[in-house]
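Now for the letters of each chain:
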Amino acid sequence: MASFEDSERVKLRFIETCERLLTSGQLQEDDFEQILEILEAIDDYTEEELYQKLRRLTHGAIDRFPWDAL
Amino acid sequence: MNSITNLVPRDSGAEQRILGILIKYPEKVDQVIDRLRPEHFYDSVHRHVYSTIVDLYNAGGRISYTQIYNRLRRSSTIESPAQMLIGLTESFAAVSELEPSIAALRNKEASRRLLRAVEEIRSLAVDEGDQDLSSIQAKAQELIFAATQNTLQGEDETKSLLDVLNKCYINLVERRQGISDAYGLSVRFPSIDAMTTGLKRKDLIILAARPSMGKTALAMNMVVNVAKRHIPVLVMSLEMDDEQIGDRIVLSELFRYKEEGAFEITSSEYQTRLSDEQFSKAQRVFNELYRLPIQIIDKRGLSVAEMRAKARKVKTASPNLGLIVIDYLQLIKPTVQGQRSWSLLVGEMVRELRDLAGELDVPIVLLSQLNRGVESRENKRPMMSDLRDSGNIEEFADAVVFLYRDDYYHPEEAVQNGTEGQVEIIFAKQRKGPTGTVRLRFVKEYTRFIDEFNNGEVR
């Protein structure tokens, strides 16, 4: 159960960071809403669905992410 | 008063633990929802989060921090919902901590309620000190009662059939062994008892009639009959004073000497001067009556709230209080007149008295006048529509009983037919029994009813 608690804390920290970006104008309201939507259902998405959601959110920038380097 | 406001009973840790557990184990909401209301949470943010959890749960949605965050963000009631929720994640607790935390919150909330009542009573006494003292005392009792009564509300109100049947079985055995009355409270008029199987606890019984039909007399006869079995009775008389009631009780008992010729004590003799022998007999009656557990409140213009406060007091002093008689409905003072119609106010008072019967677990017999509509009909037997200002009296009452004396309207015929003094007790409504009519004889000069017919027409 520790993973539930940890993952919820991580999500909230991430949301808090996004809130700050939103306040400073570095993140659009629509994008923030999308982030919240993804976080909410993240456990229900397949890997492919998640990737498509992130692609839409990042306007395709995720394709340029060096996944192989991870 | 600062010492009170600075020390508001609260348990922030317990509030956080409950919220943490509910978010982590949403299925536990079922266990909590009927026992904790938002106001059980002292911290306004916690209260808001709890309401959000309940809303999400009721909407069938899943409960997560993100969902809660979304809701809180949209409502804009909390400055930084994420930060607040992060704080809450520090309170992740084991499920086993749920029950003790609920108990802690309920205790703290009950204490806060008590403190609020104290504050209100204080301002009542200080700011409204020039008001009638009994009215302030009644309000104070109301406040204290409300502050203490709800403590148990929300406990498991579901009863298994096994528990219910157990109680029914015990009652059955007690009735069989003669420990308790047959089902309800017997008023020792066999015809009436046969119709009602006894007055039921929590029931409101309306006893209505036109003036001079004998409704107060019948009610007082019932009171004495009940009290003779050592069952405490409370009489609230808004019309007659204590001495009038006392005299009526004595007089109805003096009826026993009616057949004793020279020793008979008539109403006029009782009210003037008795012979030595008569006085000795009257003394005997007084000695018998002294012991009866009858409490009388004779105050005009009582409101339902005041009656409730007084009845609660009597019930506390006599937990086995068996019957309350109120004489009569139309003399009860409405609490707030406002723009509402008299009929609505009367309906409201009747509903409150029915609730009081339920709360005190005792039958209440409420006497009522009938409107003049009866007089304009050829058949003057009362009907439901004759309940003056009836509103929804009929709806709220568990039983409606009318008295009708034919000899009042047709005295000569009654003499010819031998029905003089015959009173029809018309059971127009009984939630737990049949409707129909039974007959008693009313000996007016003794304000005494006799059950000599005992041939109820039950349908």
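Basis of the calculations
- Residues numbered from 1 in each chain as written.
- Chains lettered and ligands numbered in written order.
- Predicted model: local features only at pLDDT ≥ 70, side-chain atom pairs only at ≥ 80, totals over all residues.
- Heavy atoms only, no water.
- Helix = DSSP H or I, 4+ residues; strand = E, 2+ residues; numbered from the N terminus.
- Buried < 20%, exposed > 50% of the residue type's maximum accessible area, 1.4 Å probe, protein only.
- Contact = heavy atoms within 4.5 Å.
- Buried area = accessible area lost by both parts, 1.4 Å probe.
- Salt bridge = Lys/Arg side-chain N within 4 Å of Asp/Glu carboxyl O.
- Phe/Tyr/Trp six-rings, centres within 6.5 Å; stacked < 30°, edge-to-face > 60°.
- Lys NZ or Arg CZ within 6 Å of the ring centre and 35° of its normal.
- Axes fitted to C-alpha atoms, helices over the stretch in contact; angles between N-to-C directions.
- Parallel < 35°, antiparallel > 145°, perpendicular 65-115°, else oblique.
- Nonpolar A, V, L, I, M, F, W, Y, C, P; charged D, E, K, R; others polar.
- 1 Å grid on protein atoms, 1.4 Å probe; cavity = no way out; pocket = protein on both sides within 12 Å on 5 of 7 lines; lining within 4 Å.
- Points joined across faces, edges and corners; volume = space filled by probe spheres on them.
- pLDDT = per-residue confidence, 0-100.
- Pairing = 2+ DSSP bridges.

*Asks:* Looking at this structure, how should I read the overall build of chain A?
*Replies:* In terms of regular secondary structure, chain A is built from 3 helices and 0 strands. Counting helices and strands in the order they occur from the N terminus, chain A gives α-α-α. Going through the 70 residues of chain A one by one, you find that 30% of them count as buried. In chain A, 18% of the contacts between residues at least 6 apart in sequence involve partners at least 24 apart.

*Asks:* Where do I start with the interface of chain A and chain B in this structure?
*Replies:* The interface is formed by 20 residues belonging to chain A together with 20 residues belonging to chain B. When chain A packs against chain B, the two sides together hide about 1800 Å² of surface, and 53% of this comes from carbon and sulfur. Our count for the chain A to chain B interface comes out at 2 salt bridges. Note that Arg73(B) is salt-bridged to Glu33(A), the shortest N-O span being 3.1 Å.

*Asks:* So what exactly am I meant to see when it comes to the packing of aromatic side chains here?
*Replies:* Where two aromatic rings form a pair, the distance of their centres and the angle of their planes describe that pair. All names here are of chain B. Summed over all chains, the structure comprises 7 aromatic pairs over all chains. Ring plane angle 25 degrees and centroid distance 4.5 Å describe the contact between phenylalanine 442 and phenylalanine 449, whose orientation is recorded as stacked. Of the two residues, phenylalanine 442 and phenylalanine 449, neither departs from the other in class, the shared state being buried. Among the aromatic side chains, those forming a connected cluster through ring pairs are Tyr404, Tyr408 and Tyr409. The aromatic ring of phenylalanine 145 is capped on one face by arginine 312, whose charged end is 3.2 Å from the ring centroid.

*Asks:* Is there a simple way to explain the packing of helix H11 (residues 215-227) of chain B against helix H12 (residues 242-254) of chain B in this structure?
*Replies:* Relative orientation and spacing of two packed helices are given, respectively, by the angle between their axes and the distance between those axes. Residue and element names in this part refer to chain B. It is the contact of H11 with H12, at a shortest axis distance of 10 Å, that shows an interaxial angle of 75 degrees. Taken together, H11 and H12 sit at an angle that is classed as roughly perpendicular. Across from Thr216, Ala217, Met220, Asn221 and Val224 in H11, the residues of H12 making contact are Ile245, Arg248, Ile249, Ser252 and Glu253. Tallied by class, residues from the contact of H11 with H12 come to 5 nonpolar, 3 polar and 2 charged.

*Asks:* Any chance you could explain empty space enclosed by the protein here in plain terms?
*Replies:* Rolling a probe over the atoms, with the probe sized like a water molecule, indicates the empty space that remains. All names here are of chain B. This structure, assessed with the given rule, holds 3 cavities of 30 Å³ or more. Volume-wise, the largest cavity comes out at about 190 Å³. Along its surface, the largest cavity is lined by 20 residues, and Thr196, Leu199, Ile205, Ala399 and Val401 are the ones closest to its centre. Considering every element that reaches the lining of the largest cavity, the biggest residue donor is strand E7 (residues 422-430), with 3 residues. Residue classes in the lining of the largest cavity are distributed as 11 nonpolar, 4 polar and 5 charged.

*Asks:* When you look at the confidence of the model for chain B in this model, what are you seeing that I'm missing?
*Replies:* Low pLDDT marks regions whose predicted coordinates should not be analysed in detail. Averaged over every residue, the pLDDT of chain B is 83; the share at 70 or more is 90%. With a pTM of 0.64, the predicted complex shows an ipTM of 0.80.

*Asks:* Teacher, can you tell me more about unusual backbone geometry here?
*Replies:* Backbone phi values are negative for most residues with the exception of glycine, while trans is the configuration of most peptide bonds. Residues and elements named next belong to chain B. Following aspartate 327, the chain continues to tyrosine 328 via a peptide bond in cis, the omega torsion being 0 degrees. Positioned with a positive phi, arginine 188 is a non-glycine residue whose angle comes to about 60 degrees. For arginine 188, a relative accessible area of 44% puts it in the partly exposed group. One non-glycine residue, aspartate 361, lies in the positive phi region at around 60 degrees. Assignment of secondary structure puts aspartate 361 in the loop between helix H16 (342-360) and strand E5 (364-369). Accessibility expressed as a relative area gives 25% for aspartate 361, which makes it partly exposed.

*Asks:* Any chance you could explain the pairing of E7(B) here in plain terms?
*Replies:* A regular strand carries its side chains on alternate faces of the sheet. All names here are of chain B. Counted residue by residue, E7 has 8 buried out of 9 residues, so it is predominantly covered. Taken together, the 7 bridges between strand E6 (residues 399-405) and E7 define a ladder with antiparallel strand orientation. The residue of E7 that forms the bridge with leucine 403 is isoleucine 425. Relative to strand E8 (residues 436-443), E7 runs antiparallel, the two sharing 6 bridges.

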